[in-house]
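Analysis of the macromolecular model
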Amino acid sequence: MSRQTAISVSKNNFIALIFGTHLNANSIIRGLLTIGIDPENICLVNEMGKPWFSARLLNSSIKTREFDFDDAAKLPQKLRELFGIETIKVLFFTDERFLAALSNARKRGETPDIRFFAGSDRYMETILDRLKFYRFIEQKQLAPVPKTIPGDKNPFEILGDRVLIRPNVSWRSPRKRQGVSIVASDDELKKITDLYRKDGLDPEDWCYQEVFCTEVKHNLSVCGWYDVKEQHLFCTRKLLQHPKSCGNGDVNELMLNAPGSIVEQSYALLQTLEYKGPLELEWVYDEKNGIYKIIELNPRFWMQHSLVGAASKQYVIRKYMEVIDDFQINQNINHSEVRYWVDPLYALFRLFKGDWLGIRYYFMKGAVSPISLTQAIVYAPIHFLGKCSLK
């Protein structure tokens, strides 16, 4: 790739770089604009050759950059080539691909011009490795976790007739590994493990886990902002998800009262991890034992963060941007009485199949969406074609 000249930054000598192209990134843009960040100080970043989705197509005033995501460790130098060494770069992430490398670089003192939150530099590996994460929680007796065994064990003998298989770490440098699957036979298990091995994984790189109830209402998230001085956490739950058995929530609800002691247990875990930054801590209900168990911690902006943003006057975005010392954040942000987060793209998808639930939630009082229904109608064909190009 030819060397690109540094992009100019006209105000405050900083630039907010958003690594993402989907609805999550679109919500970060809206949050930044709401708190008073000038569009000139925002830039979307994408991998060279990958399709651009809603974040770029629906935000024409926002600058973009793309480059090869060939090595996460090279990211600081690449950003200096693109934006200059004097510019403060504030990084917003919608996935974990760069977090480990950047955390290590920061511990070595190699990121003086880069600002980002990744949860905990000390416990970064623990957060990103699911098996180590569960063992950490068990050893500290912080909260219930799923029964989980290493990939070299026989899962059906230990966990029963249906088991969940997942890579311990979702990203290998900047490349995403195979996802989570539920298997119920040796043939199904072999099919998935063959895919894992093709992806370069050995049994030590994946784990097996007990399967819980897949009812949508039993999937909760404690999400928001945590640091030792300030905490602003909410509890949300899925009302609809796609795919139905194991997927992302396309309608989420802000809960007034969290069940059991999951909020207190969340605080205990985050304090022990020395956590600082945005987060989504996912919990799933274990019907057999009548308790909620932690399944993962996402140390970044999550898909439905605009629900928390609307309910808190963009608290998480405001805290993130406090790394810019002299920037005056807009304090005159309207408070919204919100309850639901709705993905209008999936609402349309459901409608085409004769299911009106997504549309019904979209028009309910207190609903918030990352894009409007009109934008979704215009954008849906582009989104579909972009997804097809990745297969």
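Every chain is numbered on its own, with residues counted from 1 as its sequence reads. Only residues with pLDDT of at least 70 are given local features in this predicted model, and only at 80 or more are side-chain atom pairs given and counted; all residues enter the totals for whole chains, interfaces and linings. To obtain the side-chain values, all non-hydrogen atoms of the structure were used and water was disregarded.

Describing the overall build of the protein chain
Per the secondary structure count, the protein chain includes 14 helices and 18 strands. Radius of gyration: C-alpha atoms only; globule rule: 2.2 Å multiplied by the number of residues to the exponent 0.38. For the protein chain, whose C-alpha radius of gyration is 21 Å, the value lies close to the compact-globule estimate of 21 Å for 391 residues. Its C-alpha atoms put the protein chain at 60 × 50 × 45 Å along the principal axes. In the protein chain, buried positions account for 55% of the 391 residues. Looking at the protein chain as shown, the accessible area adds up to about 18,400 Å², and 48% of this sits on carbon and sulfur atoms. Within the protein chain, the 47 negative side-chain charges are centred at a point lying 3 Å from the centre of the 52 positive side-chain charges. Helix and strand assignments come from DSSP, with helices taken as H or I runs of at least 4 residues and strands as E runs of at least 2, each series counted from the N terminus. The classification of residues rests on relative accessible area computed with a 1.4 Å probe and restricted to protein chains. Under 20% of the type maximum is buried, over 50% is exposed, and intermediate values are partly exposed. Reported accessibility uses the Shrake-Rupley method at a 1.4 Å probe radius. Residues are deemed covered only where the shown protein chains occlude them. Working convention for charge: Lys and Arg count positive, Asp and Glu count negative, and His plus the chain ends are omitted. Taken as the charge location is NZ of Lys, CZ of Arg, CG of Asp or CD of Glu.

Remarks on empty space enclosed by the protein
Rolled over the atoms, a probe with the dimensions of a water molecule shows which regions are left empty. Grid points spaced at 1 Å and placed over the protein atoms alone form the basis of the search, with a cavity being a set where a 1.4 Å probe fits but cannot get out and a pocket an open set showing protein on both sides within 12 Å along at least five of seven lines. Lining residues have an atom within 4 Å of a point. Grid points are joined across faces, edges and corners, and a volume is the space filled by probe spheres set on the points. Counting across every chain of the model gives 1 cavity of 30 Å³ or more. One number sums up the size of the largest cavity: a volume of about 30 Å³. Lining the largest cavity are His305, Ser306, Gly309, Gln314, Val316 and Ile317. Among the elements of the structure, helix 10 (305-311) and helix 11 (315-320) are those that each provide at least two residues to the lining of the largest cavity. Broken down by element, the lining of the largest cavity gets its largest block of residues, 3 residues, from helix 10. Residue type decides the class: Asp, Glu, Lys and Arg count as charged, Ala, Val, Leu, Ile, Met, Phe, Trp, Tyr, Cys and Pro as nonpolar, and the leftover types, Gly among them, as polar. Residues that form the lining of the largest cavity fall into these classes: 2 nonpolar, 4 polar and no charged.

Some remarks on the sheet that holds strand 2 (residues 42-47)
Here a strand pair is declared whenever DSSP counts at least two bridges between the two strands. What the 5 strands build is an open sheet, ordered 3-2-1-4-5; its pairing is parallel. Two strands in the sheet have a free side with no partner beyond their single neighbour: strand 3 (63-67) and strand 5 (114-115). In the sheet, strand 2 pairs with strand 3 via 5 bridges, with the strands oriented parallel. Counted as the bridge partner of Asn46 is Glu66 from strand 3.

Examining the pattern of salt bridges
One side-chain nitrogen of Lys or Arg within 4 Å of one carboxyl oxygen of Asp or Glu is enough to make a salt bridge. The full count for this structure, using the stated rule, is 23 salt bridges. Between Asp121 and Arg106 there is a salt bridge; the shortest N-O distance is 2.8 Å. Here Asp121 is found in the loop between strand 5 and helix 5 (124-128), whereas its partner Arg106 is found in helix 4 (residues 99-107), with 15 residues between them in sequence. Overall, Arg106 belongs to the partly exposed group, its relative accessible area being 27%. The shortest N-O distance in the salt bridge between Arg135 and Glu138 comes to 3.3 Å.

Topic: the layout of surface pockets
Reported here for the second largest pocket is a volume of approximately 380 Å³. As for the second largest pocket, its lining consists of 24 residues, of which Ala100, Glu125, Leu128, Val169 and Trp171 are closest to the centre. Among the secondary structure elements, those contributing two or more residues to the lining of the second largest pocket are helix 4, helix 5, helix 6 (130-140), strand 8 (171-172) and strand 16 (291-298). For the lining of the second largest pocket, the element with the most residues is helix 4, which contributes 4 residues.

With respect to the confidence of the model for the protein chain
A low pLDDT score tells you not to read the predicted coordinates there in detail. Confidence of the predictor at the level of single residues is given by pLDDT, which spans 0 to 100. On average, residues of the protein chain score 90 in pLDDT, and 92% of them are at 70 or above. In this model residues 1-10 is a low-confidence stretch, pLDDT under 50, and it forms 28 contacts with partners more than four residues away in sequence or in other chains. Should any heavy atoms of two residues lie within 4.5 Å, those residues are considered in contact.

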